[in-house]
Amino acid sequence: MNPKIYIAAAARTPFMKSRGEKLPPEKGGDGFRREPGAFGGVGSVELLGAILRRLASAGVPPGELADILIGCALQDGDQGMNGARMAQLCTDIPITVPAATLNRLCGSSLTAAMKAAEHLVTGQGFADAKPQ
């Protein structure tokens, strides 16, 4: 049996420098400190939560998600506590939906995507797909 698999939504967090330019002495700079980047006050878990909330705009009911898999390299701070689950808690996605964070350094996102595809094709751990 070859199940048909559909991509229901696609989005990504912003990709940019985490810090701005070095602070000049007239702004209290010491040659090392930098201005915060565009999302300097926003944590990665909050950014991922915003991406997960976008699923609703794609018509995916939160309760019908079978799993949440994300890739995150060099986890730090709030990311170290399973960033996928922490981001899920910022959404309406039920806590009964499993969530996992995969770390394979530079290949984290690709590994998460491949693992999700593998689960979909083999039917392991995922609910039946309901094509519209």
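Located above this text is the structure these notes cover.
Counting restarts for each chain, with residues numbered from 1 along the sequence as it is written. Given that the model is predicted, a residue must reach a pLDDT of at least 70 before its local features are reported, and side-chain atom pairs must reach 80 or more before they are shown or counted; all residues, however, enter totals for whole chains, interfaces and linings. To get the side-chain values, all heavy atoms of the structure are used, and hydrogens and water are removed first.

1. A closer look at the overall build of the protein
For the record, the criterion: Working definition: helices are DSSP H or I runs of at least four residues, strands are E runs of at least two. Numbering for both runs from the N terminus. When accessible area is computed with a 1.4 Å probe and restricted to protein chains, residues below 20% of their type maximum are described as buried, those above 50% as exposed, and intermediate ones as partly exposed. In these tables, accessible area is a Shrake-Rupley quantity obtained with a 1.4 Å probe, and a residue counts as shielded only by the protein chains included in the view.
If you tally the helices and strands in the protein, you get 3 helices and 4 strands. Helices (α) and strands (β) of the protein occur, in sequence order from the N terminus, as β-β-α-β-α-β-α. Sorting the 132 residues of the protein into buried and exposed places 23% on the buried side. For the protein, the accessible surface area stands at approximately 9400 Å², while carbon and sulfur atoms represent 57% of it.

2. A few points about helix 1 (residues 44–57)
Here is the rule we go by: Helix span, as expected, comes to 1.5 Å for every residue beyond the first. Here, two residues are considered to be in contact whenever any of their heavy atoms come within 4.5 Å of each other.
With 14 residues, helix 1 should cover 20 Å at 1.5 Å per step; its first-to-last C-alpha distance of 21 Å lies within 8% of that length. Where helix 1 is buried, its residues contact strand 3 (68–71) and helix 2 (83–88). A positive phi of about 85° marks G59, the residue just after helix 1.

3. Comments concerning the pairing of strand 3
What counts, and what does not: Think of it this way: DSSP has to see at least two bridges between two strands before they count as a pair.
Burial along strand 3 is one-sided: the residues I68 and I70 are buried and none of L69 and G71 is. As defined by bridge partners, strand 3 adjoins strand 4 (residues 99–102) across 4 bridges and the pair is classed as parallel. Considered in strand 4, the bridge of I70 is made with T101.

4. A few points about the nonpolar core
Put simply, the rule is: Side-chain atoms within 4.5 Å are what join buried Ala, Val, Leu, Ile, Met, Phe, Trp, Tyr and Cys residues into a set we call a nonpolar core.
Core analysis: the largest hydrophobic core is formed by 13 residues, its most contacted members being L48, L52, I68 and I93. Of all the secondary-structure elements, those providing two or more residues to this core are helix 1, strand 3 and helix 2. Top contributing element to this core by residue count: helix 1, with 4 residues. With residues near it in sequence (within four places) discarded, I93 still touches L52, P62, L65, I68 and Q88.

5. A few points about the side chain of T111
On the secondary structure map, T111 appears in helix 3 (residues 108–122). Since its relative accessible area comes to 15%, T111 is described here as buried. The contact partners of T111, leaving out residues within four places of it in the chain, are L102 and R104.

6. Regarding the pattern of salt bridges
Threshold: Basic side-chain nitrogens of Lys or Arg form a salt bridge, by our definition, when they fall within 4 Å of a carboxyl oxygen of Asp or Glu.
Counted according to the given criterion, the structure contains 1 salt bridge. Between K115 and E118 there is a salt bridge, and its shortest N-O distance comes to 3.2 Å. A residue pair is termed a helical-turn pair when its members lie 3 or 4 positions apart in one helix, as K115 and E118 do in helix 3 at 3 residues. K115 sits in the partly exposed class, given a relative accessible area of 31%. On the accessibility criterion, E118 (38% relative accessible area) is partly exposed.

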